[in-house]
Amino acid sequence: MEVQVQRGIMQHPYDVLVKGVMRVLEANLLPDFLLRRITRTLLARSLHLGYKPNTQLQLQDLMAFINSLKRMPIALSTEKPKAQHYELPTSFFKLVLGKNLKYSSCYFASDTNTLDEAEESMLSLYCERAQIKDGQTILDIGCGWGSLTLYMAKKYPNSHVTGICNSTTQKEYIIEKSSELGMSNIVIYAGDITSFKMESTFDRIISIEMFEHMKNYGKLLKKISLWMSQESLLFIHHFCHRVFAYHFEDINEDDWMARYFFTGGTMPAASLLLFFQEHVSVIEHWLVNGKHYARTSEEWLKNMDKNMKFIYPILIDTYSVDSAKKWMVYWRTFFIAVAELFGYNDGDEWMVSHFLFKKK
């Protein structure tokens, strides 16, 4: 609430300015260098609002946020963000993402890595940090197009991998791909994690960039813990800010990301999940510098621009002839915004948090 009040002060002239910029943007008249400069200005403004005058006030702000999450449901607006990201067919993402269709941060071990290599590096890092071994039963929650599910099923052929994805199109893609690769150790469900029910337990549970769509982490981790035995481990990857947390809310004209791409979402603080250990206990915590995510999104943008002659017809089919240009700009702006966000302050403001938990 405090942030909303702060942002409401003298907001009208600013909103008028933002509306004007949005009209220029939607007409595809805003050059990338200027869009990036505006994005960095907005990020600086977010930091000004997020950082408090001293460490005690900073902690109080985080604790107030945590307590508010505990009064919320597991997630809000689950259908809207699903539509925002997945109403486009898989063909669009095949032209933008790497070969594994990893729709999350990759890991660039060197300056010469390609996007495909960076996908593989992060997938390998997950398996190392989650202590995956052949023969285990593994649950991949929020598995997307199965980048990690397929990777683990191939690398650990004696393991049994279960994936829960967000849409039937993702499920169909994973099933088709696993059949094409001759894999028989994969089972895929399409469903909403907030209402999904299952009686099984697993040796390892992994969640990659799903927690940012959630709110009440206590209830969510309680639910996940029911799928864990005492020997199970839970590995979580989520993006974050290093100090503070906030909601993606469509309140003002500059809340563009919340409006079109991340309705009901959360930006966790790097330490946020440490305050939700009623049902799981932390074993290890790592941070991945934001420059890896920044470069990932830059590569997505390059792929989109390179394949625009194939992508634009997809946008027409999805959004209509009249709206295709606007949504082409929106997707390009989304990738630019992600790159600028995670690249800000040399990747030391917004980044990726990795956790390893055991059942309490």
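Structural notes, computed from the coordinates.

The rules behind each value
- Residues numbered from 1 in each chain as written.
- Predicted model: local features only at pLDDT ≥ 70, side-chain atom pairs only at ≥ 80, totals over all residues.
- Heavy atoms only, no water.
- Helix = DSSP H or I, 4+ residues; strand = E, 2+ residues; numbered from the N terminus.
- Buried < 20%, exposed > 50% of the residue type's maximum accessible area, 1.4 Å probe, protein only.
- Contact = heavy atoms within 4.5 Å.
- Areas by Shrake-Rupley, 256 points an atom, 1.4 Å probe, with all protein chains shown as cover.
- Polar contact = N/O pair within 3.5 Å; in protein donor to acceptor, adjacent residues only side chain to side chain.
- Phe/Tyr/Trp six-rings, centres within 6.5 Å; stacked < 30°, edge-to-face > 60°.
- Lys NZ or Arg CZ within 6 Å of the ring centre and 35° of its normal.
- Core = buried A, V, L, I, M, F, W, Y, C linked by side-chain atoms within 4.5 Å.
- Pairing = 2+ DSSP bridges.
- Right-handed = clockwise from strand over helix to strand, strands pointing away.
- Axes fitted to C-alpha atoms, helices over the stretch in contact; angles between N-to-C directions.
- Salt bridge = Lys/Arg side-chain N within 4 Å of Asp/Glu carboxyl O.

## As for the overall build of the chain
Then step 1. Helix and strand counts for the chain come out as 14 helices and 9 strands.
Then step 2. Each of the 360 residues in the chain was classed as buried or not, and the buried ones make up 54%.
Then step 3. For the chain, contacts bridging at least 24 residues in sequence account for 79% of all contacts bridging at least 6.
Then step 4. Accessible surface, the chain: about 16100 Å² in total, of which carbon and sulfur atoms supply 54%.

## Observations regarding helix α10 (residues 217–225)
Then step 1. Counting buried residues in α10 gives 7 out of 9 residues, a clear majority hidden from the surface.
Then step 2. Among the residues of α10, Tyr 217, Gly 218, Leu 220, Leu 221, Lys 223, Ile 224 and Ser 225 are the ones counted as buried.
Then step 3. Near the N-terminus of α10, the side chain that reaches the backbone nitrogen of Gly 218, with its oxygen 3.2 Å away, is that of Asn 216.

## Topic: the packing of aromatic side chains
Then step 1. In this structure the tally under the stated criterion is 28 aromatic pairs.
Then step 2. In this structure an aromatic cluster arises from ring pairing among Phe 92, Phe 93, Tyr 103, Trp 145, Phe 239, Tyr 293, Trp 300, Trp 331, Phe 334, Phe 335 and Phe 342.
Then step 3. When the ring centre of Phe 276 is taken as origin, the NZ or CZ atom of Lys 70, which lies over that ring, is 5.5 Å away.

## A word on the environment of His 238
Then step 1. With respect to the helices and strands, the residue His 238 is situated in strand β5 (residues 228–241).
Then step 2. Taking the C-alpha atoms as reference points, His 238 and Ala 269, separated by 31 residues in sequence, lie 9.8 Å from one another.
Then step 3. Beyond its immediate sequence surroundings of up to four residues, His 238 is in contact with Phe 211, Glu 212, Pro 268, Ala 269, Leu 273, Met 351, Val 352, Ser 353 and Phe 355.

## What to know about the nonpolar core
Then step 1. In this structure, Phe 92, Leu 148, Met 152, Ile 206, Met 304 and Trp 331 are the most contacted members of the largest nonpolar core, which totals 78 residues.
Then step 2. Those residues in contact with Leu 148 that lie beyond four places of it in its chain are Leu 123, Tyr 126, Cys 127, Asp 140, Ile 206 and Ile 208.

## A short note on the pairing of strand β4 (residues 202–208)
Then step 1. For β4, the tally of buried residues reaches 6 of 7 residues, placing the bulk of the element in the interior.
Then step 2. As judged from the 4 bridges shared by strand β1 (residues 137–141) and β4, these two strands associate in the parallel manner. The residue bridging Leu 139 from the neighbouring strand is Ile 205, located in β4.
Then step 3. Judged from the 6 bridges that link them, β4 and β5 form a sheet pairing that is parallel. Of the residues in β5, the one forming a bridge with Ser 207 is Ile 236.
Then step 4. Where the polypeptide runs from β4 across α10 and back to β5, its parallel neighbour, the crossover connection is right-handed.

## Here's the deal with the sheet that holds strand β8 (residues 280–288)
The pairing of strands in a sheet comes from backbone hydrogen bonds and takes either a parallel or an antiparallel form.
Then step 1. Strand order in the open sheet made by the 7 strands is β3-β2-β1-β4-β5-β9-β8, with mixed pairing throughout. The outermost strands of the open sheet, each flanked by one partner alone, are β3 (186–190) and β8. If you compare each strand with its neighbour and ignore which way they point, the axes differ by 15° on average.
Then step 2. Where β8 meets strand β9 (residues 350–359), 8 bridges bridge the pair, whose relative direction is antiparallel. Paired with Ser 281 across the two strands is Lys 358, which belongs to β9.
Then step 3. Set on the sheet, α10 makes contact with β1, β4, β5, β8 and β9; between it and β5 the angle comes to about 145°.

## Quick notes on the pattern of salt bridges
Then step 1. For the coordinates displayed, the defined rule picks out 9 salt bridges.
Then step 2. Taking the shortest distance from any N to any O, the salt bridge between Glu 299 and Lys 302 comes out at 3.4 Å. Of this pair, Glu 299 and Lys 302 both sit in helix α12 (residues 291–306), 3 residues apart, roughly one helical turn.
Then step 3. Judged by relative accessible area, which is 51%, Lys 302 ranks as exposed.
Then step 4. Among the charged side chains, a salt-bridge network with shared partners connects Arg 36, Arg 40, Glu 298 and Glu 340.

## Some words on the environment of Asp 61
Then step 1. Topologically, Asp 61 is positioned in helix α4 (residues 55–69).
Then step 2. Residues Asp 61 and Ala 245 lie 184 residues apart in sequence; the distance between their C-alpha atoms is 8.9 Å.

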